[in-house]
Amino acid sequence: MTVRIKLPGGTLKLKTYRELRTRERDRRVPVMKMGSLYFVWSKSQSPQEKPHNSPR
């Protein structure tokens, strides 16, 4: 069961270990462990940071 808390700068997610994605397990995003819960921070993307879908 993942809990998501929307905040002004992004989203704070509370997860158990088996719910973590590979990038979260590899600590490529901010992750903090407290007991058996993992707190994962996901920054919200500004319009300039979103990937562009260019036609091929």
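See the structure above.
Let us look at the structure shown here.

What counts, and where the lines are drawn
Residues numbered from 1 in each chain as written. Predicted model: local features only at pLDDT ≥ 70, side-chain atom pairs only at ≥ 80, totals over all residues. Heavy atoms only, no water. Salt bridge = Lys/Arg side-chain N within 4 Å of Asp/Glu carboxyl O. Buried < 20%, exposed > 50% of the residue type's maximum accessible area, 1.4 Å probe, protein only. Pairing = 2+ DSSP bridges. Helix = DSSP H or I, 4+ residues; strand = E, 2+ residues; numbered from the N terminus. Axes fitted to C-alpha atoms, helices over the stretch in contact; angles between N-to-C directions.

Let's talk about the pattern of salt bridges
Argument step 1. Inspection of the entire model under this criterion finds two salt bridges.
Argument step 2. Glu 24 is the partner of Lys 15 in a salt bridge, and the nearest nitrogen-oxygen pair spans 3.1 Å. Considered together, Lys 15 and Glu 24 belong to a single accessibility category, that of buried residues.
Argument step 3. Note that Arg 28 is salt-bridged to Asp 26, the shortest N-O span being 3.3 Å.
Argument step 4. When its relative accessible area of 47% is taken as the criterion, Asp 26 is described as partly exposed.

Considerations on the sheet that holds strand S2 (residues 10–15)
Strand pairing in a sheet is mediated by backbone hydrogen bonds. Such pairs are either parallel or antiparallel.
Argument step 1. Strands sit in the order S1-S2-S4-S3 across an open sheet of four strands; the sheet is antiparallel. Every other strand in the sheet has two partners, leaving strand S1 (3–7) and strand S3 (31–34) as the edge strands with one partner each. Sheet twist, expressed as the average angle between the axes of neighbouring strands with direction ignored, equals 20 degrees.
Argument step 2. Bridging between S2 and strand S4 (residues 37–43) involves six bridges; their strand directions are antiparallel. Counted as the bridge partner of Leu 12 is Trp 41 from S4.

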